[in-house]
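# Report on the structure
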Amino acid sequence: MSNATSNTETVHRVSFLDKDSLSIPILKILQADGTTFENAVLPVIDQDLAAKIYDTCVFTRVLDERMLAAQRQGRISFYMTCTGEEAAVIGSVAALDQDDVILAQYREHAAIRYRGFTTEQFMNQMFSNEKDLGKGRQMPIHYGCEALNYQTISSPLATQIPQATGVGYSLKMQGKRNVAVCYFGEGAASEGDFHAGINMAAVLNSPVIFFCRNNGYAISTPTNEQFAGNGIASRGVGYGMHTIRVDGNDMLAVMAATQQARAYALEHNKPVLIEAMTYRLGAHSSSDDPSGYRSKDEEAKWQQHDPVKRFKLWLINKGWLAESDDAALYEKYREEVLAAVKVAEKLPTPNIDEIIEDVFDEPTPRLKQQLTELKQHIKKYPDSYPRSAGRE
């Protein structure tokens, strides 16, 4: 008998299973008032770590506020916020080792900030200037940083999921005590790459943490129109991997789940799926208007579960944060981000010659020809390409 059926109970009457056959609890540690549930087991966290987490929360809120405004002013072309999902992102990245490899979707800029991405680096990427690590080739918020083990964002949904399986397998083969961590939304879990990626990870015993931010919507499509099953966690069980569902607005619960998921993945060289139940308080992107598909009452209800406010109250209850310090931190980052915007937007774009670098070890004759043709086109129509024409 195969492993797939070796533990199967034998019955002699027709008996179907449905989505309610699998009961999936949700891990909660922190209550809305900043106190913890009775008998809750807290993650490993001290005052310094808590301060770093909250600092990242505040920076991310300010960055989202300022850069969405910058997009509305026409200073950058596009933006996506993390607002409402900070605990899912920051609580998980805080449970990782700096050398664990992150493969993100596009709403995890808080994770790269936590690892040390500077305010200037954020601005350089969003303004696609000559200091951008990506050489101006990506649209805003598609970050990447080799030094921080944060692989560059791809716009197509779910492509990072099978890639993460390969990264985790590579780490195992190299004997490294690190894991790959793959972020994605529940909408991305409807893509074929999701199923292929997590099945490969389970079969090949790849140490990967698959972290699903279930924020209720795939752009404008609510979860009840995306799938009929028991969320995303049930799929992890179906593919034979350790799985947990957690309150994605609870910083401590996310930390605890991710800490233990990482320990398990390393000890057994196996993947883990975490489903974080959260809510996107802002629009899907600067191109989206959520009033067309959800109500203000729904948004107001979820405002009461604000993950940053909840964690802030816990810090105050612990005596690790004062209201005056909190206000000062917000003001500090508002000034810092605004100052960085003014500098980054004035820097020139990357030299056009760089557009064919890093494709091959040596640019091919065809690429060189295309570059020559591009330069001729820009020279012919300089008014249509004012920034590029200025560097010719």
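See the structure shown above.
My aim in this report is to walk through the structure given alongside it, one point at a time. (Residues numbered from 1 in each chain as written. Predicted model: local features only at pLDDT ≥ 70, side-chain atom pairs only at ≥ 80, totals over all residues. Heavy atoms only, no water.)

Turning our eyes to something else, we now look at the pattern of salt bridges. Summed over all chains, the structure comprises 20 salt bridges. One salt bridge in this structure joins Glu 345 and Arg 75, with 2.8 Å as the shortest N-O distance. You can see Glu 345 sitting in the loop between α11 (323-344) and α12 (365-380) and its partner Arg 75 sitting in the loop between α1 (47-72) and α2 (86-93), a full 270 residues away along the chain. We classify Glu 345 as partly exposed; its relative accessible area is 26%. Relative accessible area serves as the criterion here: at 30%, Arg 75 is assigned to the partly exposed category. The partner of Glu 357 in a salt bridge is Lys 135, and the shortest N-O contact between them spans 3.0 Å. Of this pair, Glu 357 sits in the loop between α11 and α12 while Lys 135 sits in the loop between α4 (119-126) and β3 (150-151), and the two are 222 residues apart along the sequence. Taking the relative accessible area as the measure of exposure, Lys 135 reaches 25% and is therefore partly exposed. (Salt bridge = Lys/Arg side-chain N within 4 Å of Asp/Glu carboxyl O. Helix = DSSP H or I, 4+ residues; strand = E, 2+ residues; numbered from the N terminus. Buried < 20%, exposed > 50% of the residue type's maximum accessible area, 1.4 Å probe, protein only.)

What follows is about a nonpolar patch on the surface. A cluster of nonpolar side chains, Tyr 169, Met 173, Met 200, Val 203 and Leu 204, forms an exposed patch at the surface whose accessible area comes to about 470 Å². Assignment of secondary structure puts Met 173 in helix α5 (residues 160-173). Assessed through its relative accessible area of 58%, Met 173 is described here as exposed. (Patch = residues over 30% accessible without salt bridge, like charges linked within 9 Å, V, L, I, M, F, W, Y side chains within 5 Å. Areas by Shrake-Rupley, 256 points an atom, 1.4 Å probe, with all protein chains shown as cover.)

Quick look at unusual backbone geometry now. Positive phi, close to 50°, is recorded for Ser 128, a residue that is not glycine. Here Ser 128 is to be found in the loop between α4 and β3. Relative accessible area serves as the criterion here: at 19%, Ser 128 is assigned to the buried category. In this structure, Ile 219 is a non-glycine residue whose phi angle is positive, near 55°. Relative to the helices and strands, Ile 219 is located in the loop between β6 (217-218) and β7 (221-222). Owing to a relative accessible area of 42%, Ile 219 belongs among the partly exposed residues under this scheme.

Remember that the coordinates give geometry; whether it matters functionally is a separate question.
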